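The chain contents come next:
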Amino acid sequence: MPHSHDHDDGNLLLDTARPKVKPPKRYQVVLLNDDFTPMDFVVEVLVRFFGMDEAKANVVMLAVHHEGKGICGVYSREVAEMKVNQVNRYARQHQYPLMCQLEVA
Ligand code: TYC
């Protein structure tokens, strides 16, 4: 027999749960073409900051060179922002105009 102070929650929590948790947005790190940054430097950036091997980095670099822009990777917002900042800082340190930006995937 339940005591009088035993309130019965039943399955209220389960009944009122809603599928409201959305998956986190993903962010593309996009590299832009320019006429001045050397191809070798772009390849070095892709290897250094995006973990590509030389062959993959060459393919991505040439795609950006020919198409104007290209995706280096897709990450959480925090990681994408970090990579954009790392690439832009590194390019400026070497006095190249290479531009990297973030786009919602
Ligand atoms: N267009 C550059 C050149 O001919 C190479 C380059 C490729 C620059 C990709 C930027 O994101 C870039 N030297």
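Described below are features of the structure shown in this document. All of these numbers come straight from a predicted model, not from anything done at the bench.

Some words on the packing of helix α2 (residues 39-50) against helix α4 (residues 77-93)
(1) Moving on: Packing of α2 against α4 brings their axes to within 11 Å, and their N-to-C directions diverge by 145°. Crossing angle aside, the handedness with which α2 passes α4 is right-handed. Here F41, E44, V45, R48, F49 and F50 of α2 come into contact with α4, specifically with K83, Q86, V87, Y90 and A91.
(2) Moving on: Its residues assigned to classes, the contact of α2 with α4 comprises seven nonpolar, one polar and three charged.

Looking at the site of the ligand
(1) Moving on: Every residue close to the ligand is listed here: L31, L32, N33, D34, T37, M39, V42, M61, V64, H65 and L98.
(2) Moving on: Contact between the ligand and D34: a nitrogen atom at 2.7 Å from a main-chain N or O atom of the residue.
(3) Moving on: Taken together, the elements giving at least two residues each to the shell around the ligand come down to β1 (27-32), α2 and α3 (54-67).
(4) Moving on: Sorting elements by how many residues they give to the shell around the ligand places α3 first, with three residues.
(5) Moving on: Looking at the shell around the ligand residue by residue, the classes come out as seven nonpolar, three polar and one charged.

Section: the packing of aromatic side chains
(1) Moving on: Going through the model one piece at a time under the given rule, you end up with three aromatic pairs.
(2) Moving on: Measuring from centroid to centroid gives 5.4 Å for F41 and Y90, while their planes differ by 10°, and the two rings are stacked. With a gap of 49 residues between them, F41 in helix α2 and Y90 in helix α4 connect regions that are remote in the sequence. For the pair formed by F41 and Y90, the shared burial category is buried.
(3) Moving on: In this structure an aromatic cluster arises from ring pairing among F41, F49, Y90 and Y96.
(4) Moving on: The ring centre of F50 lies 5.7 Å from the NZ or CZ of K83, which sits over that ring.
(5) Moving on: Over the ring of Y75 we find K83; its NZ or CZ atom is 5.3 Å from the centre of that ring.

Side note on the side chain of K83
(1) Moving on: Relative to the helices and strands, K83 resides in helix α4.
(2) Moving on: For the buried K83, no salt bridge exists, and the shortest N-O distance to an oppositely charged side chain is 13 Å, to E78.
(3) Moving on: A distance of 2.8 Å separates the side chain of K83 from the backbone oxygen of F49, its partner in a polar contact.
(4) Moving on: Those residues in contact with K83, other than ones at most four positions away along the chain, are V29, F49, F50 and Y75.

Rules used throughout
- Residues numbered from 1 in each chain as written.
- Predicted model: local features only at pLDDT ≥ 70, side-chain atom pairs only at ≥ 80, totals over all residues.
- Heavy atoms only, no water.
- Axes fitted to C-alpha atoms, helices over the stretch in contact; angles between N-to-C directions.
- Helix = DSSP H or I, 4+ residues; strand = E, 2+ residues; numbered from the N terminus.
- Left-handed = near helix turned anticlockwise from the far one by under 90°.
- Contact = heavy atoms within 4.5 Å.
- Nonpolar A, V, L, I, M, F, W, Y, C, P; charged D, E, K, R; others polar.
- Near = heavy atom within 4 Å.
- Polar contact = N/O pair within 3.5 Å; in protein donor to acceptor, adjacent residues only side chain to side chain.
- Phe/Tyr/Trp six-rings, centres within 6.5 Å; stacked < 30°, edge-to-face > 60°.
- Buried < 20%, exposed > 50% of the residue type's maximum accessible area, 1.4 Å probe, protein only.
- Lys NZ or Arg CZ within 6 Å of the ring centre and 35° of its normal.
- Lys, Arg positive; Asp, Glu negative; His and termini not counted.
- Salt bridge = Lys/Arg side-chain N within 4 Å of Asp/Glu carboxyl O.

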